Amino acid sequence: MAQQQAAKALANILSKVARYSVGLGIGASALQASLYTVDGGERAIMFDRVSGVLETPVSEGTHFRVPYLQTPNVMDIRTRPRSISSVTGTKDLQMVNITLRVLSKPDVERLALTFRNLGLDWDERVLPSIGNEVLKSVVAQYQAEQLLTQRDKVSTAVRSELTRRAAEFNILIDDVAITHLSFGAEFTKAVESKQVAQQEAERARFVVMKADQERKAAVVRAEGESEAARLISEATRAAGAGMIELRRIEAARDVAGTLAKSRNVTYLPGGEGGASRMLFQLPG
């Protein structure tokens, strides 16, 4: 009898625990379904089955919602990079392959409108199309050579136009940069040929300038020699025999200096009033 009462009491306890467990489980599940978290750099757009998309974005943190009636859609509002490539023609009908790196983010003030019109993948829906459109319209205004020499100007023009077009879709452009720029094989070969021709022209111009300078130097040298000959001739006529004698003495001095350095020549003093004699000693 006592065992039956104990078993009956245990069954009652287990039944109550089961009821409480079910209640706690339902409560925990309902509480979990009523909470959602918005991480840093994100905003949530609430979709209400009664009111539709709510205009005010939900900021970071943990928030409550009405289960099955409200659905939070979390959107990343941080700046994200994207590469856009396009093959387009220049003003002089040269084909160019150009790649942009675009840093963009959604406009937080109009985030609900962006979600309503474009959804969560707003960048995938908009940026490739308007990026190609802007690239083709801007590049067509420049010649192929200008894309290389005026790269900063081209990048600024692309950024200005892309910012204007993206603003129509509530997208903010933080930065635009040209990361790749290449031309077709024919244009590249033409540029190389042009560079070689310019170098050859510079070399030919240098040769002409050098020849001209050498010609001028030869004229100046000839004029100097002619003037020197004229001055010597005039000096000779003015000095007469004295100048010739002076030249002879200078020549004799040079000869005497050369002979004095030779080891095979010996000077012997002459007699009174006589000239000196030279003895040549031959080797061996």
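- Per an unreviewed UniProt entry, the protein goes by Prohibitin and derives from Auxenochlorella protothecoides.
- We quote the UniProt Subcellular location (unreviewed entry) comment for the protein here in full: "Mitochondrion inner membrane".

### Comments concerning the overall build of the protein
Move 1: Along the protein, the regular secondary structure elements total 7 helices and 10 strands.
Move 2: Put simply, the protein has 284 residues, and 23% of those count as buried.
Move 3: At a minimum sequence separation of 6, the contacts of the protein that also span at least 24 residues come to 63%.

### What about unusual backbone geometry?
Move 1: The phi dihedral of tyrosine 68 falls on the positive side, at around 70°, and the residue is not glycine.
Move 2: The backbone of leucine 93 sits at a positive phi, close to 65°, despite the residue not being glycine.
Move 3: In this structure, leucine 93 sits in the loop between β6 (80-89) and β7 (95-106).
Move 4: On the basis of relative accessible area, leucine 93 is assigned to the exposed category, the value being 75%.

### A few points about the sheet that holds strand β2 (residues 42-48)
In any sheet, the strands associate via hydrogen bonds between backbone groups, in a parallel or an antiparallel arrangement.
Move 1: With antiparallel pairing, the 3 strands of this open sheet are ordered in space as β3-β2-β5. One side of each edge strand has no neighbouring strand; the edge strands of this open sheet are β3 (52-53) and β5 (70-76).
Move 2: Bridge analysis of β2 against β5 gives 7 bridges, and the strand direction is antiparallel. Paired with phenylalanine 47 across the two strands is threonine 71, which belongs to β5.
Move 3: Packed onto the sheet, helix α2 (residues 111-118) meets β2, β3 and β5 and runs at close to 65° relative to β2.

### Here we look at the nonpolar core
Move 1: In terms of nonpolar packing, the biggest core is built from 34 residues, with Ile45, Leu100, Leu147, Val154, Val158 and Ile173 touching the most fellow members.
Move 2: Every element with two or more residues in this core is listed here: β7, α2, α3 (122-139), α4 (144-149), α5 (151-167) and β8 (171-183).
Move 3: With 8 residues, α3 is the single largest residue contributor to this core.
Move 4: Looking at which domains feed residues into this core, each of domain 1 (1-76) and domain 2 (80-183) gives three or more.
Move 5: Not counting chain neighbours up to four residues away, the residues in contact with isoleucine 173 comprise Val102, Leu103, Ser104, Leu127, Leu162, Thr163 and Ala166.
Move 6: The next biggest cluster of nonpolar side chains, apart from the first, holds 5 residues, and it includes Tyr36, Val38, Ala44 and Met46.

### A short note on the environment of alanine 144
Move 1: When you line up the elements, alanine 144 lands in helix α4.
Move 2: Owing to a relative accessible area of 0%, alanine 144 belongs among the buried residues under this scheme.
Move 3: Taking the C-alpha atoms as reference points, alanine 144 and serine 182, separated by 38 residues in sequence, lie 10.0 Å from one another.

### Overview of the packing of α3 against α5
Move 1: Between α3 and α5, whose axes approach to 9 Å, the crossing angle comes to 140°. Here α5 runs oblique to α3, going by the angle between their axes. Seen along the crossing, α3 lies across α5 with a hand that is right-handed. The segment α3 lies against α5, with Ile130, Gly131, Glu133, Val134, Leu135 and Val138 engaging Val154, Ala157, Val158, Glu161, Leu162, Arg165 and Ala166.

### Here we look at the environment of serine 34
Move 1: Structurally, the position occupied by serine 34 is in helix α1 (residues 2-34).
Move 2: Assessed through its relative accessible area of 14%, serine 34 is described here as buried.
Move 3: Residues serine 34 and arginine 65 lie 31 residues apart in sequence; the distance between their C-alpha atoms is 5.0 Å.
Move 4: Sequence-distant contacts of serine 34, that is, excluding residues within four places in its chain, are made with His63, Phe64, Arg65 and Pro67.

What counts as what
Residues numbered from 1 in each chain as written. Predicted model: local features only at pLDDT ≥ 70, side-chain atom pairs only at ≥ 80, totals over all residues. Heavy atoms only, no water. UniProt positions renumbered as here; feature names shortened; annotations may be inferred. Helix = DSSP H or I, 4+ residues; strand = E, 2+ residues; numbered from the N terminus. Buried < 20%, exposed > 50% of the residue type's maximum accessible area, 1.4 Å probe, protein only. Contact = heavy atoms within 4.5 Å. Pairing = 2+ DSSP bridges. Axes fitted to C-alpha atoms, helices over the stretch in contact; angles between N-to-C directions. Core = buried A, V, L, I, M, F, W, Y, C linked by side-chain atoms within 4.5 Å. Domains from an automatic or database assignment. Parallel < 35°, antiparallel > 145°, perpendicular 65-115°, else oblique. Left-handed = near helix turned anticlockwise from the far one by under 90°.

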